[in-house]
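Chain by chain, the residues:
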Amino acid sequence: MTITVEAVAFGPDAYAGLARAVADAKRDDRLTPVTVVVPVNSVGVAARRHLARQGGGVAGITFATLYRVAELLGGARVAASGRRPVSNPTLAAAARAALVETPGRFAPVADHPATETALVRAHRELDSLDDPVLDALARASSRAHDVVALHRAIRRRLAPGWSTERDLLDAAAVEANLRGPLVAGLGEIVVFLPLRWSAPARRLIHALGAAAPTRVIVGLTGNDRLDARGLELGHDLDTDLAIPTVPVPVAHEIVSVSDPDDEARAVVRLVLRAATDGIPLERMAVVFASRDPYARLLHEHLRAAGVPHNGVAVRSVADSVAGRTVRDAFALGDRDLRRSDVLAFASSAPVRFGGRAVPARAWERLSRRAGVVAGLEQWHERLARLRRTLAAAERPIDVEHLDELGAFVDRIGGRLSRARHTTSWSGLADLARSVLHDHLPGDFARLAWPEVERRAHAAVELALDRLASLDAIEPDIDLDTFRRALDAELAADLERVGHIGEGVLVGSVHLAFGVELDAVFVVGMNEGGFPSPRRDDSLLPDSDRAATAGELADRRARTDDDHRALLAVLAHTGARRVLLHPRGDLRRTTDRPPSRYALDTIESLTGVRPGGEELAEHAGEPWLEFVPSFAAGLKRADPPATDQELRLQCLLADAPPAAALASHRFVADDPALARAVELLAARASNRFTRFDGDLRTRTQRPLVDPAVAVSPTRLSTYASCPFEYFLRYILRVELVEDPERIERIAPTDLGVLLHEVLERFVLEHLPPEVAKPPGDPWNDAERARLHEIADTVCAEFEALGLTGRPLHWRRDRRVIHRDLDRFLQDDDTHRATRGVTPIAAELRFGLPDSGPAVPLVLADGRTVRFAGAADRVDRAADGSLYVIDYKSGRDGALSKLDETDPDLCGTQLQLPVYALAARAFCDDPDAEVTAAYRFLTARGRYRQVELPLTPRVLARIDHVV
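The rules behind each value
Residues numbered from 1 in each chain as written. Predicted model: local features only at pLDDT ≥ 70, side-chain atom pairs only at ≥ 80, totals over all residues. Heavy atoms only, no water. Helix = DSSP H or I, 4+ residues; strand = E, 2+ residues; numbered from the N terminus. Buried < 20%, exposed > 50% of the residue type's maximum accessible area, 1.4 Å probe, protein only. Contact = heavy atoms within 4.5 Å. Areas by Shrake-Rupley, 256 points an atom, 1.4 Å probe, with all protein chains shown as cover. Lys, Arg positive; Asp, Glu negative; His and termini not counted. Charge placed at Lys NZ, Arg CZ, Asp CG, Glu CD. Pairing = 2+ DSSP bridges. Axes fitted to C-alpha atoms, helices over the stretch in contact; angles between N-to-C directions. Phe/Tyr/Trp six-rings, centres within 6.5 Å; stacked < 30°, edge-to-face > 60°. Parallel < 35°, antiparallel > 145°, perpendicular 65-115°, else oblique. Nonpolar A, V, L, I, M, F, W, Y, C, P; charged D, E, K, R; others polar. Salt bridge = Lys/Arg side-chain N within 4 Å of Asp/Glu carboxyl O. Expected span 1.5 Å × (residues − 1). Polar contact = N/O pair within 3.5 Å; in protein donor to acceptor, adjacent residues only side chain to side chain. Patch = residues over 30% accessible without salt bridge, like charges linked within 9 Å, V, L, I, M, F, W, Y side chains within 5 Å. Core = buried A, V, L, I, M, F, W, Y, C linked by side-chain atoms within 4.5 Å.

Asks: What should I look at first to understand the overall build of the chain in this one?
Replies: Secondary structure assignment for the chain yields 35 helices and 25 strands. The burial tally for the chain puts 50% of its 961 residues in the buried class. Of the contacts formed within the chain by residues at least 6 apart in sequence, a portion of 75% connects residues at least 24 apart. Taken as a whole, the chain presents about 44,100 Å² of accessible surface, with 53% of it coming from carbon and sulfur. Between the centroid of the 124 positive side chains of the chain and the centroid of its 139 negative side chains there is a distance of 1 Å.

Asks: I tried to follow the pairing of strand β15 (residues 573-582) on my own but got confused; where do I start?
Replies: Each regular strand displays side chains that alternate between the two surfaces of the sheet. Most of β15 sits out of view: seven of its 10 residues are buried. With five bridges connecting them, strand β8 (residues 253-257) and β15 associate as parallel partners. Residue Val255 lies in a different strand from β15, and its bridge partner there is Leu580. As paired elements, strand β14 (residues 517-522) and β15 share five bridges and run parallel to each other. Following the sheet pairing, Ala519 is matched in β15 by Arg576.

Asks: Whenever I open this one, the sheet that holds β14 confuses me. Can you help?
Replies: Within a sheet, adjacent strands bond to each other through the backbone by hydrogen bonds, running parallel or antiparallel. Spatial strand order, β10-β13-β9-β14-β15-β8-β18: seven strands in an open sheet with parallel pairing. With partners counted over all chains shown, the strands left at the sheet margins are β10 (309-311) and β18 (624-626), one partner each. When strand polarity is set aside, the average angle formed by the axes of neighbouring strands in this sheet is 20°. Against the sheet, helix α13 (residues 291-304) touches β9 (284-288), β10, β13 (504-508) and β15, its axis set at about 150° to β9. Sheet contacts for helix α23 (residues 555-571): β14 and β15; angle to β15, the most-contacted strand, approximately 135°.

Asks: In this structure, what is going on with the sheet that holds strand β7 (residues 214-220)? I would like to understand it.
Replies: Pairing in this open sheet of five strands is parallel, and the strands run β1-β7-β6-β2-β3 from one edge to the other. The sheet is open, and its two edges are formed by β1 (3-9) and β3 (61-65), each paired on a single side. Each adjacent strand pair in this sheet contributes to an overall mean axis angle of 20°, direction not counted. Bridge count between strand β6 (residues 188-192) and β7: four bridges; the pairing is parallel.

Asks: What exactly am I supposed to notice about unusual backbone geometry here?
Replies: For residues that are not glycine, phi is negative in most cases, and the peptide bond is trans in most cases. Omega for the peptide link from Asp292 to Pro293 comes to 10°, which places this bond in the cis form. If you trace the backbone, Pro293 turns up in helix α13. Its identity as a non-glycine residue notwithstanding, Glu842 has a phi of 50°, on the positive side. Looking at where Glu842 falls in the secondary structure, it is placed in strand β19 (residues 836-845). Its identity as a non-glycine residue notwithstanding, Tyr942 has a phi of 55°, on the positive side. Relative to the helices and strands, Tyr942 resides in the loop between β24 (929-935) and β25 (944-948). The exposure class of Tyr942 is buried, given its relative accessible area of 17%.

Asks: I'm lost on the packing of aromatic side chains in this one. Help?
Replies: Describing an aromatic ring pair means giving the distance of the ring centres and the angle of the ring planes. The final tally for this structure, using the stated rule, is 14 aromatic pairs. Aromatic side chains Phe330 and Phe482 sit 5.9 Å apart centroid to centroid with 70° between the ring planes, which places their arrangement in the edge-to-face category. In this pair, Phe330 sits in helix α14 (residues 321-331) while Phe482 sits in helix α21 (residues 479-490), placing the two residues 152 residues apart along the sequence. Ring plane angle 55° and centroid distance 4.9 Å describe the contact between Phe761 and Trp778, whose orientation is recorded as tilted.

Asks: Honestly, the packing of helix α16 (residues 360-370) against helix α18 (residues 396-420) in this entry has me stumped. Any pointers?
Replies: Orientation of α16 relative to α18, taken along the N-to-C sense of each, is 90°, at an axis distance of 10 Å. The orientation of α16 relative to α18 falls into the category roughly perpendicular. Residues Ala362, Trp363, Arg365, Leu366 and Ser367 of α16 form the contact with α18, whose own contacting residues are Asp398, His401, Leu402, Glu404, Leu405 and Phe408. Residue composition of the contact of α16 with α18, by class: six nonpolar, two polar and three charged.

Asks: Any chance you could explain the pattern of salt bridges here in plain terms?
Replies: Pairing between side chains becomes possible if they bear opposite charge and their charged atoms approach one another. In this structure the tally under the stated criterion is 78 salt bridges. Asp791 is the salt-bridge partner of Arg813, the closest N and O atoms lying 3.0 Å from each other. Linking Arg813 in helix α33 (residues 806-834) with Asp791 in helix α32 (residues 780-799), this pair joins segments that are 22 residues apart in sequence. Note that Asp819 and Arg818 form a salt bridge whose closest N and O atoms lie 3.7 Å from each other. Exposure remark for Arg818: the relative accessible area of 45% places this residue in the partly exposed category. Here the residues in one salt-bridge network are Arg783, Asp827, Asp828, Arg831, Arg872, Asp874 and Arg934, joined through shared partners.

Asks: Would you mind showing me how to read helix α17 (residues 376-392) here?
Replies: Since the α-helix advances by 3.6 residues per turn, residues separated by three or four positions end up pointing in the same direction. In this model α17 runs 24 Å from its N-terminal to its C-terminal C-alpha over 17 residues, within 8% of the 24 Å that 1.5 Å per residue would give. Of the surrounding secondary structure, the elements contacted by the buried residues of α17 are α15 (339-347), α16, α18 and α32. Looking one or two places after α17, you find Glu394, whose phi comes out positive at around 55°.

Asks: Is there a simple way to explain the pairing of strand β21 (residues 863-866) in this structure?
Replies: Alternating residues of β21 divide into Val864 and Phe866, all buried, and Thr863 and Arg865, none buried. In this structure, strand β20 (residues 854-857) lies alongside β21, joined through four bridges in antiparallel fashion. Pairing of Pro855 across the sheet is with Arg865, part of β21.

Asks: Would you explain the environment of Thr221 in this entry?
Replies: Relative to the helices and strands, Thr221 resides in the loop between β7 and α11 (224-237). Of the residues examined, Thr221 reaches a relative accessible area of 1% and is grouped as buried. Taking the C-alpha atoms as reference, Thr221 lies 8.9 Å from Val8; in sequence the two are 213 residues apart. One polar contact links the side chain of Thr221 to the main-chain amide nitrogen of Asn223, over a distance of 3.1 Å.

Asks: Explain the side chain of His151 here, please?
Replies: Counting through the fold element by element, His151 comes out in helix α7 (residues 142-158). Here His151 falls in the buried class, since its relative accessible area comes to 2%. Not counting residues within four places of it along the chain, the set of residues in contact with His151 comprises His123, Leu126, Asp127 and Leu134.

Asks: Looking at this structure, I do not really get a nonpolar patch on the surface. What am I missing?
Replies: On the surface, Leu727, Ile730, Leu731 and Val733 cluster together into a nonpolar patch covering about 300 Å² of accessible area. Examined against the element boundaries, Ile730 turns out to sit in helix α30 (residues 722-730). Judged by relative accessible area, Ile730 falls into the partly exposed class, the value being 32%.

Asks: Please explain the packing of α15 against α18 as it appears in this structure.
Replies: Packed helix pairs are characterised by how far apart their axes lie and by the angle those axes make with each other. Put simply, α15 and α18 touch, their axes get as near as 12 Å, and they point 100° apart. Between α15 and α18, the angle falls in the class roughly perpendicular. When α15 is examined against α18, the residues Val342, Phe345 and Ala346 are found in contact with a partner set consisting of Phe408, Val409 and Ile412.

Asks: Before we go on, may I ask you to explain the nonpolar core in this structure?
Replies: In summary, soluble globular proteins display a tendency toward joint burial of nonpolar side chains. Judged by nonpolar contacts, the single largest core of 57 residues is most densely connected at Trp379, Phe408 and Phe482. At the level of secondary structure, the elements contributing two or more residues to this core comprise α14, α15, α16, α17, α18, α19 (425-439), α20 (451-468) and α21. The element contributing the most residues to this core is α18, with eight residues. With near-sequence residues (within four places) excluded, Trp379 lies in contact with Leu337, Arg339, Val342, Leu343, Ser367, Val372, Leu405 and Val409. Counting 54 residues, the second largest nonpolar core, distinct from the first, contains Leu18, Ala285, Leu505 and Ile602.

Asks: I keep staring at the environment of Leu856 and nothing clicks. Help me out?
Replies: With respect to the helices and strands, the residue Leu856 is situated in strand β20. Separated by 718 residues in sequence, Leu856 and Ala138 place their C-alpha atoms 95 Å apart.

The following block contains the structure:
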């Protein structure tokens, strides 16, 4: 038997050569078996359809990759030897063992995960090399010598029980040389458009050629350098190879857009435009050189437009419910059971505990209220403290949720503790299985899951089974090693999107290599995108790879492979070849010049090779579609890709003025769009609308209700920002502060802490028994008592998780004590100068368990009833009163308070209201009252801003309210 090679141009000539080869093989009998060896499965589907369209039929023709042929021939031989296919964790385990036994120059980093990863990658490449080539590589440098030694150590460790792709190819070659029934079943062989072959693959082809008539069809791009590798292979198989002259294929059109997101939108429109022109979807492809960001982005936009498509998977097993759950469960120990991690674990999947779904929302609210940040001990202490509070308040549902949360955290903590002390693969795999069994629904309940999630759950179970079998290779491991191996197992693709041949093909340019198409759209045609950047290998740099005479591909060779695949795709596409160039990337805020390959097309079309910055100058020429922006592309989209694009396009086409937008026919027919337009218009106007806080037509409760006591802070909020009033008091929207995000004690919490300290201190010195005389300064014992109270309150706030990082809190506590010393110093002066004695602290009025609300009768006859709490009330010997409201922030605008503007246009009502409350407390409606803001910290410069309660002030308050 002999091997014949035919060199043809990619495209129609290649498929014509395939048709001739198959026809020659079937010239005597249409049912003669023929095996067509294709580079990728998608080419097999395209070749099958091409031959079917030619009318010759496909009966008896098998389309398979070379690896699949090797499985058919050598699989049984490898299995009979008792060896199993090597998996990623198995290979990693062997690599770790080799690094322990013979680390060589890598001894200082032998236990680093990056070393393990790089060695596994190097071993996969070196496994295809024969010993003479390995010897030549080992002589290239001392580093290469040690890498080859580690590779051989890995092979020796795996050889007894595990097989690699090389072993399968070698076994297939042995079987082919025996010319048994398996080889006879292949019939004549046609190798269609081969890619780069390893030495074992070449041996298999030679063995097949010796056993059966074999024809190899080598594709040419017209670029001599790119074609050299394929021609070298051809000459090796057939010395009489004829080389035809082939023109280099180029694209028909360049589309320049702003960024990859707009590029994906543009691709969908181009696909729909091609479909409108009669090109079937299954004859189109969208290809790229780099998966990020295109793989997921393209699938999302095509799915949103309802365009059928197929291609590479965009999710891995690790992204599935089962994959996330088992990985996240072990990751909870990385940050010591951090609250946010535990709650994310409980809410990111249908997690169950105690046989039912966990109440993740209630757990999040309660754990945040408890102030939990991290640590099993902190979980216990703070949940227990909150439980006592809730039990005293008779909140049984919340108490039940807290008990469940505590048990859940204990279960997780116990599992992590056992995992840290387990040193076997099987033991850790069992703990991982317990995560699935404890926290995910059982087999029957999973029947309601999507099929892809059920398959993913089964894939996770199988991955754990494979890991459990590694005890024979590596009997002693730790949790980190197990987790790395688990991540490697779960990195496998979850599922392919769609089915080959159904809808638009989406994927790497190599996926469409050799596929017969009518339209192709190549995205990412910018420098750094296509060709994608190639970094030198850390273990086997290009300088060492040169010693293998091309057996190990270097960076240039890998870039050439991408270029050759691109030219092949263009050659196999008939009517429409479009390259898309994103000028920038909003993810990285960078400009991106056109790819050198896009410039090749432009030079071919125009005869001039432009610079990247000159592309916009060609806008309007037939070969260039220049899209300046998203809005510009949307305005001229033909057709628009989605219903949303259609509506927006119609609005852009009509270009209604802003005032008429609300009455536009598309807005009027779409309630959601109408509400959005109304909101934007109202917020942009200078009118006072319901979107700014005008609630007169939206709530039955008046702003001032004589039957309901209102706090001055609430009215001040309405005056300063009605929208904030609407959010806080009508919608009851609260600002949520996660305990783990607190770096330092919040200003509001600092104010509450200082208020609490001073309230407790002043309450201990109120008349009649312990009244502090005006001229009597605070003594050392009283100062010590104030600091003792401060320490107690600081400890309480720290236990609540409100004080932030310990380093910041130590400093803040010192500042708090310093500010309290300054308070006593200023208070000595205050009491001596004004002759006052404290008579009340935290004077509550209009609140539950307090005195009555403070009424204020307005000039129009309405009555406003105020509720609140004044921080401190002092009284002088003449009966005059002095009210103090503590402030812990800056003095800011409050320093401008005076009788002409005692409330800062209604935004500060506290002092007048507290003054009225002091009169009511002393039962003296005519008492002379002065109210003041006392600033307790250096930020407020320890100032005291006073406001006497005069008829003018009361008149102003009446006017404002």
